[in-house]
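For reference, the chains in residue letters:
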Amino acid sequence: MFEMLFTNSHFMQTYLRTRNITDIVSTSWNQDNRGNQLRTLTYTIVLNNPLIGKFTTATEKQVLHKRSHKSRSYQVDAEVVTHDVPYHDYFYTVNSYSISHMSSQKCRLRISSDVKYKKQPWGLVKNIIEKNTWGGIQENFKQLESELLVEEYAINKPIEDRAKPGVRRRRRWVLQRNAEEILPKHSIQDSTEDKRIIPLGNVGMKKNATNKTIIIIVAMSIFLILLVFLNVALFLKLSKIERAAQSLYHVQLQEEGSTTLALNVASKEKTHHNMNQAQHVKGVLKDSIALLEQLKTSLSVLQHCFDHLNTTKDGEPES
């Protein structure tokens, strides 16, 4: 099992072709100072998602932990980083493979996966990351399960049985039904992180969880769209109120200006009228003074005549 999954085996080459994974470059297993074996793989994944792109490159670092000869097991941790998908700098995935010896012709493969974050995204982005990532993980290991079942049948069954399509289909159906005997069931993790165990023969619960996540994301999107529309409507209302207030203020200023102008004009007209009246009164007074002067002169001449008349009368002799 280890050679099939973690070497350049024919099985792995076939499996990678079915997963549309190309341009695979892998280093050899090298031992570190703690006795673990390390190797690095780089490859290109062909995608069918128009929102993400046609392909993405990935780097996978595999660590084979120093195995115990007593338990006769392999423990491999694979850290996968994708480089050309949205928000790729936020997260990476870790797949842990545990291969345990059960008998001379049987082993148990247990795979657990976890999505880890380099930096914490906000809620909606995190939902998008987990939806796409867990969907890809489920699809990947479901395909791996199918290929391993076919390989198991090809190795363990006689050649004459392989020549009978009906027997092969029936036995493959039995293998599909007993997939949980090959792989352990979902176990509870003590870690506080969002760690999930993916049983390769049972993905129904994950599919239901994915559907629920999609429904939640759609509901949140609709709610956010409604909030945006409400904010736009409120902004338009406030803008309309502000324009109305400004128009009213300008009208008041114009009315006040008109009133002031009217008062100024009325005041000027009144002043002009008063000045005209004063000039008229002044002319009347001037004419009155002239008439009085003429009357005075006439009275003086009249008095002089009376005086002359009296003097003349006094000077005549009596008869």
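Residues numbered from 1 in each chain as written. Predicted model: local features only at pLDDT ≥ 70, side-chain atom pairs only at ≥ 80, totals over all residues. Heavy atoms only, no water.

- Named according to an unreviewed UniProt entry, the protein chain is VASt domain-containing protein originating from Pseudonaja textilis.
- Taken directly from UniProt, the Subcellular location (unreviewed entry) text for the protein chain runs: "Membrane". (UniProt positions renumbered as here; feature names shortened; annotations may be inferred.)

### Remarks on the overall build of the protein chain
Link 1 in the chain: Within the protein chain, the secondary structure is distributed over 7 helices and 8 strands.
Link 2 in the chain: Across the protein chain, contacts joining residues at least 24 apart in sequence account for 49% of those joining residues at least 6 apart.
Link 3 in the chain: For the protein chain, the computed accessible surface area is about 23,100 Å², with 58% contributed by carbon and sulfur atoms. (Helix = DSSP H or I, 4+ residues; strand = E, 2+ residues; numbered from the N terminus. Contact = heavy atoms within 4.5 Å. Areas by Shrake-Rupley, 256 points an atom, 1.4 Å probe, with all protein chains shown as cover.)

### What to know about the pattern of salt bridges
Link 1 in the chain: For the structure shown, the criterion picks out 2 salt bridges.
Link 2 in the chain: Residues Arg19 and Glu139 are paired through a salt bridge, measuring 3.6 Å at the closest nitrogen-oxygen approach. Placement of the pair is Arg19 in the loop between α2 (10-18) and β1 (21-26) and Glu139 in helix α3 (residues 123-156), with a sequence separation of 120 residues.
Link 3 in the chain: Arg19 sits in the buried class, given a relative accessible area of 18%.
Link 4 in the chain: Lys119 is paired through a salt bridge with Asp89; the nearest N and O atoms lie 3.4 Å apart. Placement of Lys119 in the loop between β7 (106-117) and α3 and of Asp89 in the loop between β5 (73-82) and β6 (91-103) is noted, with a sequence separation of 30 residues between them.
Link 5 in the chain: Assessed through its relative accessible area of 36%, Asp89 is described here as partly exposed. (Salt bridge = Lys/Arg side-chain N within 4 Å of Asp/Glu carboxyl O. Buried < 20%, exposed > 50% of the residue type's maximum accessible area, 1.4 Å probe, protein only.)

### Comments concerning α2
Link 1 in the chain: By the burial criterion, the buried members of α2 are Phe11, Met12, Tyr15 and Leu16. Summarising the axial view, the buried residues of α2 lie within an arc of 125 degrees, below the 170-degree limit, and thus occupy one face. Along α2, the residues that are exposed and aim more than 90 degrees away from the buried face are His10 and Arg17.
Link 2 in the chain: Of the residues one or two after α2, Asn20 is the one with positive phi, at around 55 degrees. (Arc of directions from axis to C-beta.)

### What to know about the confidence of the model for the protein chain
The predicted coordinates ought not to be read in detail in places where the model reports low pLDDT.
Link 1 in the chain: Per-residue confidence for the protein chain gives a mean pLDDT of 75; residues scoring 70 or more make up 71%.
Link 2 in the chain: In the predicted structure, residues 170-195 sits below a pLDDT of 50 and forms 46 contacts with residues beyond four places in sequence or in another chain. (pLDDT = per-residue confidence, 0-100.)

### Some thoughts on the nonpolar core
Link 1 in the chain: Grouped together as the largest cluster of nonpolar side chains are 31 residues, with contacts concentrated most on Leu5, Phe6, Tyr43, Tyr97, Leu109 and Leu144.
Link 2 in the chain: Listing elements by their share of this core, those giving two or more residues are α1 (2-6), α2, β3 (37-49), β4 (53-64), β5, β6, β7 and α3.
Link 3 in the chain: Top contributing element to this core by residue count: α3, with 7 residues. (Core = buried A, V, L, I, M, F, W, Y, C linked by side-chain atoms within 4.5 Å.)

### Re the packing of aromatic side chains
Link 1 in the chain: All chains considered together, the criterion is met by 7 aromatic pairs.
Link 2 in the chain: A ring pair is formed by Tyr87 and Tyr90, whose centres lie 5.9 Å apart and whose planes are at 75 degrees; its orientation type is edge-to-face.
Link 3 in the chain: Considering the side-chain rings of Tyr97 and Phe141, the 6.2 Å spacing of their centres and the 75 degrees angle between planes classify their relative orientation as edge-to-face. Here Phe141 lies in helix α3 and Tyr97 lies in strand β6, a separation of 44 residues in the sequence. By the burial criterion, Tyr97 is buried, and Phe141 matches it.
Link 4 in the chain: Among the aromatic residues, those joined into a cluster by ring pairs are Phe2, Phe6, Trp29, Tyr74, Tyr97 and Phe141. (Phe/Tyr/Trp six-rings, centres within 6.5 Å; stacked < 30°, edge-to-face > 60°.)

### Here we look at a nonpolar patch on the surface
Link 1 in the chain: Residues Ile214, Val218, Ile222 and Leu226 make up a contiguous nonpolar surface patch of about 330 Å² in total accessible area.
Link 2 in the chain: Summarising the element assignment, Ile222 is placed in helix α7 (residues 204-314).
Link 3 in the chain: Under the relative-accessibility criterion, Ile222 is labelled partly exposed at 47%. (Patch = residues over 30% accessible without salt bridge, like charges linked within 9 Å, V, L, I, M, F, W, Y side chains within 5 Å.)

### Points about the pairing of β7
Link 1 in the chain: Sheet topology note: the β6/β7 ladder contains 12 bridges and is antiparallel. Paired with Ile99 across the strands is Leu109, a residue of β7.
Link 2 in the chain: Taking the residues between adjacent antiparallel strands as the criterion, β6 and β7 are bridged by 2 residues. (Pairing = 2+ DSSP bridges.)

### Quick notes on the packing of α2 against α3
Link 1 in the chain: One way to put it is that α2 packs onto α3 with a least axis distance of 11 Å and a crossing angle of 140 degrees. Between α2 and α3, the angle falls in the class oblique. α3 is crossed by α2, and the crossing has right-handed handedness. Between α2 and α3, the contacting residues are Phe11, Tyr15 and Thr18 on the first element and Asn140, Gln143, Leu144, Glu147, Leu148 and Glu151 on the second.
Link 2 in the chain: Of the residues in the contact of α2 with α3, the class split is 4 nonpolar, 3 polar and 2 charged. (Axes fitted to C-alpha atoms, helices over the stretch in contact; angles between N-to-C directions. Parallel < 35°, antiparallel > 145°, perpendicular 65-115°, else oblique. Left-handed = near helix turned anticlockwise from the far one by under 90°. Nonpolar A, V, L, I, M, F, W, Y, C, P; charged D, E, K, R; others polar.)

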